[in-house]
Amino acid sequence: GAWEGRSWAASALTSVAPVPECASRSGSPAPFEARGPRGAAPILAKQMPPSPIPRGRAPQPRPAGTQRLGYFGRAVGIASLIGVFGGLVAVALQFATARVARHALEEPLGLAGEGFAAVDGRALWILAVPMLGGALVGWITARFAAEAQGHGTTRLVHTFHRLVVTSAVTVGTGGAAGLEGPSAHSGGGVGSITSDALSRSARDRRSFLLAGASAGVGALFTAPLGGALFAPEVLYRKAEFEGEAIIPCIVASILAYTTFTAITGETRAIPMDAEFTASLAFGGPAELPAYLVLAVVCTVVGWLWVAALDLARRAFGKLGRWPLSARAALGGLGLGAVALLASGISGDAGVLFGGYGLIRGATFGELGVNAIALLMGAKIVATALTTGSGGSGGVFTPALAGGALAGALVGQLTAENFPVLGVQPASFALVGMGAFFAGVAKTPVSSVVMVCEMTGSYELLAPLLLVSVLHVVLADAWTLYPTQVDAPLDSPAHAGDFVVDVRESMHVRDVVETDRLPTMVSQNMTLRDSLTAIASAHGSYFPVLDAEEQLVGIFSLSDVRRIFLETDVHQVVLVRDFMVDNVETVAPADTLNAALRSMNELSVHALHVVEEAGSRRVVGMITRNGLGAAYHARLRELRRISV
């Protein structure tokens, strides 16, 4: 089916289970919820204001310049490798599709474009070829589906059979789908396999997977910058980017574009001569009402487009008892019928293949208003039948074709009814092409850049941006890619990252319980006096201070319990004789992530907070429950902001 933008890499968010009391780093008991009564004055303690000086132990040291340079050097090197392979996959995909199309349709039917000027004895062939192509694609998909479960070479074989071969057969036999989606998916597979082979982390794997997808799009669209921005942008319905993947995506897209153009010689997806390009221009404020109308038309057509694709998926899904090959064959038969119905009015233009012929026809004024309206509806139906029935192909290029037709329709009607404006319909066709896809795919930035690169003209940047943004706003309720999520917060791939990022942005001073200080005792107290001091305390662990009120140790109820019955030594044994002198603390400037890491390493539920790094003056406590409550409150706040 249609390639859908998704994050692919997912890391599960694991909950931290309560842990039992455990020893400190030296093997002795560590602090665990040692608190005094609320409002009660602690023994030998006073509150000190928190200090902004960071504690040196908790934050992880930043990598040295050479280490950082080495990391980015490796990342760029891997992205370059992915880009080259992504470019080669795009070349193979285009070559295979062209070969299939030539032998299946072009030579037997004398077909030079995407449609037929007239229907004659070739009608049976037109119906048969897409049907047979669908049956073959369905069989290949069902035959090799089990290999999707494997890794390494197995996944590489699956990528080849399931995407390259099936996409070439689908589009080569007339399927109304594009190659850019499968190219992006294949490139993503290359990135994922490369990451696994080099044992990269989950975060790196996600970035390189997107880099591979960008490589596929940048190569086939001959749009290196647009391709680089597309994969990080298409993941989210809101105005979000996968920021950490931008650099690998740019590198991979550039290398893929260079590889593709060097082999094929194609530098523009839509070739235009200099004279025609120079005629493309924004006519100023007088044209704005027409472009506003175009935004509305794109919204209506976009809704019909998304609804048709969804309807086709559900309709063919109800035929689940049918073999996939039979369902795909039925979709191919329907496609052939639509192509025949459209041939009598649209001339040589038609609904077969991806839609570049329609883009050229709409842009260069080769289609009249009636033909444009007919082809717009026919292309929607043809694409829905192809992808919904199980054909392997993308909806990227067909959507661009639909947008170009919508723009040409508005442009031609404006030129006919308001000749004083001097409107150039070609400008509207190109603006409609980019703005339409921007709205249905929620990719306003990459779509605008891509259209400019594909045509080699930036003269229409202003209306492109305007109509794209309006379409995105008006089409907020639907999307071409149902697996998109609103923001990184909603992505399973970012669950663990987001937790760490939030905790890294919060500090101990934000949640320290300065009003619930533990009961503290002097190191020179006798055992009897210490028992009296802690008799009414609620905690289980008690910090020990020296004469200067500095933290020198800690003891627990378990330590006291061992010598509680030795009544003859109650006045002899001092606190310093049984306390633990290796105490772990945190400072107000430490991050919550550092505090939680210390709790997990020590298997405790609370830590004492000292006034600053290196200090031994206790100013409060931080508990696991308090940390969790502050974290979830911050999450709720961020969710409200993101809505």
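Residues numbered from 1 in each chain as written. Predicted model: local features only at pLDDT ≥ 70, side-chain atom pairs only at ≥ 80, totals over all residues. Heavy atoms only, no water.

Visitor: Any chance you could explain the overall build of the protein chain here in plain terms?
Guide: Each helix and strand counted, the protein chain has 22 helices and 6 strands in total. The buried share of the protein chain, reckoned over its 643 residues, is 54%. The contacts in the protein chain between residues at least 6 apart in sequence include a share of 79% that link residues at least 24 apart. Carbon and sulfur atoms provide 61% of the accessible area of the protein chain, an area that totals close to 26700 Å². (Helix = DSSP H or I, 4+ residues; strand = E, 2+ residues; numbered from the N terminus. Buried < 20%, exposed > 50% of the residue type's maximum accessible area, 1.4 Å probe, protein only. Contact = heavy atoms within 4.5 Å. Areas by Shrake-Rupley, 256 points an atom, 1.4 Å probe, with all protein chains shown as cover.)

Visitor: Hey, could you run me through the packing of aromatic side chains in this one?
Guide: For the structure shown, the criterion picks out 9 aromatic pairs. Seen from their ring centres, F542 and F555 are 5.4 Å apart, and the 40° between their planes marks the pair as tilted. With a gap of 13 residues between them, F542 in strand β2 (residues 541-545) and F555 in strand β3 (residues 551-556) connect regions that are remote in the sequence. Accessibility assignment for this pair places F542 and F555 in one class, buried. Among the aromatic residues, those joined into a ring-pair cluster are F221, F230, F396 and F437. (Phe/Tyr/Trp six-rings, centres within 6.5 Å; stacked < 30°, edge-to-face > 60°.)

Visitor: For this particular structure, what's the right way to read the environment of I254?
Guide: Residue placement: I254 occurs in helix α7 (residues 246-264). Along the sequence, I254 and L225 sit 29 residues apart, while their C-alpha atoms lie 7.6 Å from each other.

Visitor: What exactly am I supposed to notice about the packing of helix α11 (residues 356-363) against helix α14 (residues 425-441) here?
Guide: Running from N to C, α11 and α14 cross one another at 145°; their axes reach a closest spacing of 8 Å. Residues I359, A362 and T363 of α11 lie in contact with α14, whose contacting residues are A426, A429, L430 and M433. Of the residues belonging to the contact of α11 with α14, the class tally is 6 nonpolar, 1 polar and no charged. (Axes fitted to C-alpha atoms, helices over the stretch in contact; angles between N-to-C directions. Nonpolar A, V, L, I, M, F, W, Y, C, P; charged D, E, K, R; others polar.)

Visitor: When you look at the sheet that holds strand β5 (residues 606-610) in this model, what are you seeing that I'm missing?
Guide: The pairing of strands in a sheet happens through backbone hydrogen bonds and is either parallel or antiparallel. Overall, mixed pairing links the 3 strands, which are arranged β4-β5-β6 in an open sheet. Of all the strands in the sheet, just β4 (585-586) and β6 (618-623) have a single pairing partner and so form its edges. Lying over the sheet, helix α21 (residues 592-602) contacts β4, β5 and β6, oriented at roughly 130° with respect to β5. (Pairing = 2+ DSSP bridges.)

Visitor: Would you explain the pairing of β5 in this entry?
Guide: Both faces of the sheet carry side chains from a regular strand, because those side chains alternate between them. Across the 5 residues that make up β5, a large majority, 5, are buried. Handedness of the β4-α21-β5 crossover: right-handed. Bridge count between β5 and β6: 5 bridges; the pairing is antiparallel. Bridge assignment links V609 to a residue of β6, and that residue is G620. (Right-handed = clockwise from strand over helix to strand, strands pointing away.)

Visitor: Explain the confidence of the model for the protein chain here, please?
Guide: Low-pLDDT stretches of the model should not have their predicted coordinates read in fine detail. Model confidence for the protein chain is summarised by a mean pLDDT of 80, while 80% of its residues fall at 70 or above. In this model residues 1-66 is a low-confidence stretch, pLDDT under 50, and it forms 191 contacts with partners more than four residues away in sequence or in other chains. Counting interchain partners and residues more than four positions distant, the pLDDT-below-50 stretch residues 146-156 has 12 contacts. (pLDDT = per-residue confidence, 0-100.)

Visitor: What is the right way to read the sheet that holds β3 from this model?
Guide: In spatial order, the strands read β1-β2-β3; together these 3 strands make up an open sheet with mixed pairing. Only two strands of the sheet have a single neighbouring strand rather than two, namely β1 (521-522) and β3. For β2 and β3, the ladder comprises 5 bridges, and the chain directions are antiparallel. Residue Y541 lies in a different strand from β3, and its bridge partner there is S556.

Visitor: Whenever I open this one, the nonpolar core confuses me. Can you help?
Guide: For soluble globular proteins, the rule of thumb is that nonpolar side chains tend to be buried together. Residues F221, F437 and L480 are the most contacted members of the largest nonpolar core, which totals 120 residues. Look past the residues within four positions of F437 in its chain and what remains in contact with it is F230, F396, A399, L400, K442, T443, S447, L480 and Y481. (Core = buried A, V, L, I, M, F, W, Y, C linked by side-chain atoms within 4.5 Å.)

Visitor: Sorry, what's going on with the environment of L358 here?
Guide: Mapped onto the elements, L358 comes out in helix α11. Taking C-alpha positions, L358 is 9.3 Å from G113, a pair spaced 245 residues apart along the chain.

Visitor: Where do I start with the environment of L375 in this structure?
Guide: Note on placement: L375 falls in helix α12 (residues 369-388). Here L375 falls in the buried class, since its relative accessible area comes to 0%. Note: C-alpha distance between L375 and A342 (33 residues apart in sequence) is 7.0 Å.

Visitor: Any chance you could explain a nonpolar patch on the surface here in plain terms?
Guide: Judged by side-chain polarity, V296, V300, W303, L304 and L474 come together as a nonpolar surface patch covering roughly 470 Å² of accessible area. Ranked by residue count, the leading element in the nonpolar patch is helix α9 (residues 288-317), at 4 residues. Inspection of the secondary structure puts L474 in helix α16 (residues 461-474). With relative accessibility at 46%, the residue L474 sits in the partly exposed group. (Patch = residues over 30% accessible without salt bridge, like charges linked within 9 Å, V, L, I, M, F, W, Y side chains within 5 Å. Salt bridge = Lys/Arg side-chain N within 4 Å of Asp/Glu carboxyl O.)

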